Each structure stands twice: as C-alpha cells, then as structure tokens.
Amino acid sequence: MRIFRSLHIPPEWVWLESVAVVSAAVLVALVAHWLTMRIGGHAQRRSTAKTDGLVLARVRRPLRAVFVSVAVAFVARILPMDNDIEDLWKQLLGFLVPALLGWLAVAALRAFQDVIEIRADISVEDNLRARRKRTRAAILGRIGTFFIIFVSVCLMLLSVPGIRSIGVTLMASAGIAGLVVGAAAQPALKNLIAGVQMAFTEPIRIDDVLIVDGEWGRVEQINLTFVVIKIWDERRLVVPVSKFLEQSFQNWTRETSQLMGSVFWYLDPSADVPRLREKLGEIVTSNPRWDKRFYNLQVTDVKTDCIELRGLMTAKDAAIAFDLRCDVREALLKYIREEMPEAIPRNRLLMAPDPVSRGSANSPL
C-alpha cells in the first residue's frame, strides 16, 4: 500500500488497488493449492496404498476454499478500509473461516470413513472383523460430523457481538431453558446416547442378520438415532437405536456367520427311519451348499397319527442355510413319494363289528 501511496494514486482509484491486491492473493492461494495437490498426487502414485486418492479427492475442494480465505484474510489487514467496511469484513470472516474449516474437517472425516470401507471388505467369507470396523467407522463418523458442525456453528455465532451479548443475558434462564429443551428432546437424546453406546458395545454391526419384530433381514445402515434393516423381500424396516439396547432380538451373525438349519417332516409311524437317515446323508453331502460340518436326522416327536422327523444341516451363512433347507426338504419328499410311499401319513379307522350282523350270524335260523 505504501508503494501505491508514494506514487500519489488518486483516492478514486484506491478500489483498483484493493482489487489488484486481493486478486494477487487469490492467485497465489490457487497456485499454492495446485502445488499442494501436485505434491500429494505424486506421493499417491509412489505409494502402494489405493486409498490415498480418496483422501485427495475428498479434501481438494474444501482445501482450495481454505487457501483462498486465508490468503484474502491476510491481505485484508493492509487494505485501506473505512471503519464500517472493516467491521463488516471482520464479521464476514468470522462466519466464513469457521465454516470452511468445518467443511475441511468433515471432508477429512469422510475420507477416513472411505478408507476404512475399502480396507474392510465385507464380501469375503469371514467378514466379522471387517463388519466391526465398518460399523464403528459409520457410527463414530456420524457423531464426529455432528460435533464438527455444532462447533462450527457455535464459532460462527460467537463472531457476532450482538449474539454474544444476548447469550450473556440468557445465562440467567439457561437452567430452565435446559430443562425444557431436555424434556422436549428426550427421545432424540436417548437415541443419540444409545448410538454412541452401540459403537463400543456392538450389539449389531453392518451386514448382520437379524430378526426384529418377526422380520428377517440384514443391517443396511446404522445412523445416530435409527437403524435401517433390509428385509428379505426388499422392504426396509426402520428401528430406533435404543430398541437394540432395551429389547431382545435375534442376531444370527453375532460371533460368526455359520448357521445350523432344521427341516421337519411328518410321516407315517411305519416309515423306515434308518433308511431315511441314510438317504438324507446322501442328499446333504452331495449338495454344494453344505459346509461339511454336521448333519443329522432324528425322530423328535410321536403323535397319534404321525411321527415328527427333524433334519439338521450346517451352512456358512443364513442365506445359504435357507436354500440348503429348501433343497433337502424337496429332495427327501421326492424320495418318499417315489421310493417309500408307505411313509406318507394316512388316517386309520378301527371298524367295530355290527351287533345286528353278529346276532343274525348266531341265529339258529
């Protein structure tokens, strides 16, 4: 500025001086951002990790905005401004800088989540550890995003003197207001705290197989206040997070995805059970869905007109176990229909002799 003033630039041209300085600062910031991205891209190409590109892609835009805002804020100190314009400029920076820094922090947090999702592959057979990592990253990422936005908004509001004075005035009634807000937001806060607790206790994880309210499905998404379960018929069941900490539910993949399935048949008491047991072994062992751990056939109940046979077989996950049970049920029914029709249940009636016919048969006539 002193150089321009030594040249005796007319006052009406001062705004050209300001525009030139700000433009130069923006240009320098863009060049610095370009060099930073070039260096990051060069390091990415030399690195064997495939996740470095995700981080650069996430932070590219917010980092550019931060570079430009910092450069403009730095040169604004030496620009000639009126008091009103200077106050307005400070308030603008007070809003802009926290917002951009919050944007950058959220982008970096989401880049961290992307890295975990790529490294934690849940498509493999043994994906328990990967599902644990994804679940924690998803829940903690949403919690972190919430707090980053909350802190950014607070910093933006604190930059306005009027809001600061109003906040000091309302400190006397903060206790009553806190009670009112707490009572009104009790369900939301309850689910929020339950979401934080779920991230560490892990009653459920991403891609877990659950039975909730009589519905079978997989955990598709875990949010701060609710969980989305994808039902087997493509429906979505939305469940509050607190329900998984207060009520019981079935988790079929809590420790492992391996599962034992059961099939029931109701046959005639005269059925040859050892022969059926042998046939069941042939059916199960020849099915590629069986994981070669265990199978069995037992008579589990006897009723007045039939016996109950239960077949057990194992599979590596719930979906394959369901298909295996259907295959075994159909194959054994076909065998009974074609090779052992006497095992099909039938009703038996005991016919009592007719007393009239008995009397006529003993008649001397």
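Scroll up to find the structure this text is about.
Numbering of residues starts from 1 in every chain and runs along the sequence as written. The model is predicted, so local features are restricted to residues of pLDDT at least 70 and side-chain atom pairs to those at 80 or more, both for listing and for counting; the totals for chains, interfaces and linings are taken over all residues. Side-chain measures were taken over the full set of non-hydrogen atoms in the model, leaving aside hydrogen atoms and water.

### Structural notes on the environment of Ala71
Here Ala71 is to be found in helix H3 (residues 52-75). Only protein chains enter the calculation, and the probe is 1.4 Å; a residue is then buried if its accessible area is under 20% of its type maximum, exposed if over 50%, and partly exposed in between. Judged by its relative accessible area of 18%, Ala71 is buried. With 42 residues separating them along the chain, Ala71 and Ala29 place their C-alpha atoms 6.1 Å apart. Each helix is a run of DSSP H or I of at least 4 residues and each strand a run of E of at least 2, with the numbering of both proceeding from the N terminus.

### A look at the pairing of strand E2 (residues 215-222)
Two elements, strand E1 (residues 209-212) and E2, share four bridges in a ladder whose sense is antiparallel. For Val209, the partnering residue across the bridge sits in E2 and is Arg218. The antiparallel pairing of E1 with E2 creates a hairpin that spans two residues between the two strands, and Asp213 there sits at a positive phi of about 55 degrees. The pairing criterion is simple: DSSP has to find at least two bridges between the two strands. As judged from the five bridges shared by E2 and strand E3 (residues 226-231), these two strands associate in the antiparallel manner. Bridge assignment links Ile222 to a residue of E3, and that residue is Val227. Between E2 and E3, which pair antiparallel and follow one another directly, the connecting turn spans three residues.

### Concerning the pairing of strand E8 (residues 307-315)
With eight of nine residues buried, E8 is to be regarded as a mostly interior element. Inspection of the sheet shows strand E6 (residues 259-267) paired to E8 by nine bridges, in the antiparallel sense. Note that in E8 the partner of Met260 across the bridge is Thr314. Of the pairings in the sheet, the one linking strand E7 (residues 295-302) to E8 comprises seven bridges and is antiparallel in character.

### Quick notes on the sheet that holds E1
Ordered in space as E4-E3-E2-E1-E5, the five strands form an open sheet in which the pairing is antiparallel. Since the sheet does not close on itself, it has two edges, and those belong to strand E4 (236-240) and strand E5 (250-251), each with one partner.

Note that every value here comes from positions in space, so none of it alone points to a role or purpose.
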